[in-house]
Amino acid sequence: MSASTRNWLVMNVGSATLKVAVYTVDGDGERAGASHRVTIPLGDDADVDAALSTALTRLPAAAQQPQAIVHRVVHGGRRAGAVVLTPAQCAELTALAPMAPLHQPPALALVELAARRWPRARQFAAFDTSWHAHLAPWSRRLPLPQGLHTAGVMRYGFHGLAYQSAWRQLKAQAPALAHRRLVMAHLGGGSSLCAVHDGRSIDTTMGLTPLDGVPMATRSGSLDPGVIGYLTHALRMPWPEIEQVLWRESGLKGLSGLSGDMRELQADPGEAAALAREHYARRVAQAMAAMATSLGGVDAIVFSGGIGAGAAAVRAQIAAPLRWMGIELDPEANQRGGPAVHADHATVSAWVFHVNEEDELLEAALAEERA
Ligand SMILES: Nc1ncnc2c1ncn2[C@@H]1O[C@H](COP(=O)(O)OP(=O)(O)O)[C@@H](O)[C@H]1O
Ligand SMILES: CC(=O)OP(=O)(O)O
Ligand SMILES: [Mg+2]
């Protein structure tokens, strides 16, 4: 290892998992050698301290001595790219935590943990929100009074690092197609869809927070806003209890009464699991049609995330009611997991990619370092 070679540690805390990766970067700021990545499932308590310790035991020794670290911080407000984590930046990102209560606190806890473990390492953050910098103005605006928009109550959108990774992989497979009209569906612990034209997000299902849009593992997704008032005033539920219900006890978990893990719902032969699977697939299918409408048509759809890339049966269930849109999967290709999964005669192609958000985090931080 030359004097200027550095170990970079990348941390990606999602709602269901902590992913940690280690890279070697040479003196020119280019990746050198292989990278290593581990995924640690997070329990309900999201104990990132324990998860990080476990991750470090499973990574090469280089991970114990990083010279630089980049964190996935889900909410970056309107920040366009990665930032160096100064105390002032950390304070600003902490102020955004109420807009991402499952993600921002554990990510910022990891920043503090890392600062204590590796006080000499430079720390960066990159954001899920940056990908959505070019949302159409009508999508950016929530249908609320202008004063609230001015106060920052607007659509930000999330899963940007995942969309960037899937888009990069589509571009490698089908360069011209990647610039056309795409509906991307990132379906994991959190799930969202994105309307993309010429590699730019113009609309997406998540909003001010990653609670909006389709139902998720434990999050409700979009809901009649009147439900909140009813829970508050008629059922006298205090806000922390409502927040707990909306973020942690709804979605697949609430629908099934069993689990928020799609793998468990797929293995369960009962009616409650079947209802949860159907509700989820229908809402995702509806959102695909909505995103296609935002684009005025669609040339390809893209699945990613733990469910989107891992569950052929869920992809089939989502695609089934969308034949009228020209979407049809090839059952064998879909079972194999792609990357191309459309039937020969489908007019809209369909793709499956395993995203690597860690590569995107590193790229964003290296770009910031060069700037
Ligand atoms: N093969 C699979 N089939 C169905 N669901 C899966 C599969 N693999 C992972 N999942 C689901 O995806 C979720 C994890 O998705 P992922 O995108 O990796 O995590 P995160 O949302 O934390 O980033 C888990 O909640 C799990 O239920
Ligand atoms: C933003 C979000 O919901 O992320 P994840 O799916 O990784 O929890
Ligand atoms: Mg994720």
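Residues numbered from 1 in each chain as written. Chains lettered and ligands numbered in written order. Predicted model: local features only at pLDDT ≥ 70, side-chain atom pairs only at ≥ 80, totals over all residues. Heavy atoms only, no water.

### Regarding the site of ligand 2
Argument step 1. Taken together, Gly14, Ser15, Arg72, His103, Asp128, Phe158, His159, Gly190, Met206, Pro210 and Arg219 make up the full set of residues near ligand 2.
Argument step 2. In this structure, Gly190 approaches ligand 2 through a main-chain N or O atom, which is 2.9 Å from an oxygen atom.
Argument step 3. For ligand 2, whose accessible area on its own is 260 Å², the fraction buried by protein is 94%.
Argument step 4. Split by residue class, the shell around ligand 2 holds three nonpolar, five polar and three charged. (Near = heavy atom within 4 Å. Polar contact = N/O pair within 3.5 Å; in protein donor to acceptor, adjacent residues only side chain to side chain. Areas by Shrake-Rupley, 256 points an atom, 1.4 Å probe, with all protein chains shown as cover. Nonpolar A, V, L, I, M, F, W, Y, C, P; charged D, E, K, R; others polar.)

### Examining the packing of helix α11 (residues 271–295) against helix α13 (residues 312–319)
Argument step 1. It is at 8 Å that the axes of α11 and α13 come closest, and there the two elements cross at 55 degrees. As summarised for this structure, α11 and α13 are arranged oblique, according to the angle between their axes. By crossing handedness, the relation of α11 to α13 is classed as right-handed. Contacts from Arg277, Glu278, Tyr280, Ala281, Val284, Ala285 and Met288 of α11 reach α13 at Val314, Gln317 and Ile318.
Argument step 2. Class assignment of the residues belonging to the contact of α11 with α13 gives a composition of seven nonpolar, one polar and two charged. (Axes fitted to C-alpha atoms, helices over the stretch in contact; angles between N-to-C directions. Helix = DSSP H or I, 4+ residues; strand = E, 2+ residues; numbered from the N terminus. Parallel < 35°, antiparallel > 145°, perpendicular 65-115°, else oblique. Left-handed = near helix turned anticlockwise from the far one by under 90°. Contact = heavy atoms within 4.5 Å.)

### Here we look at the domain arrangement of the chain
Argument step 1. Split by domain assignment, the chain resolves into domain 1 (6–127) and domain 2 (160–352).
Argument step 2. On a C-alpha basis, the centres of domain 1 and domain 2 stand 26 Å from each other.
Argument step 3. Opposite the 13 residues of domain 1 that make contact, domain 2 presents 11 residues.
Argument step 4. Taking both sides of the interface into account, the surface hidden between domain 1 and domain 2 amounts to around 890 Å²; carbon and sulfur atoms contribute 63%.
Argument step 5. When the buried area of domain 1 at its contact with domain 2 is split by residue, Met99, Pro101 and Leu102 rank highest and sum to 51% of it.
Argument step 6. Inspection of the domain 1/domain 2 interface yields zero salt bridges.
Argument step 7. There are two residue pairs in polar contact (both at pLDDT 80 or more) connecting domain 1 and domain 2. (Domains from an automatic or database assignment. Buried area = accessible area lost by both parts, 1.4 Å probe. Salt bridge = Lys/Arg side-chain N within 4 Å of Asp/Glu carboxyl O.)

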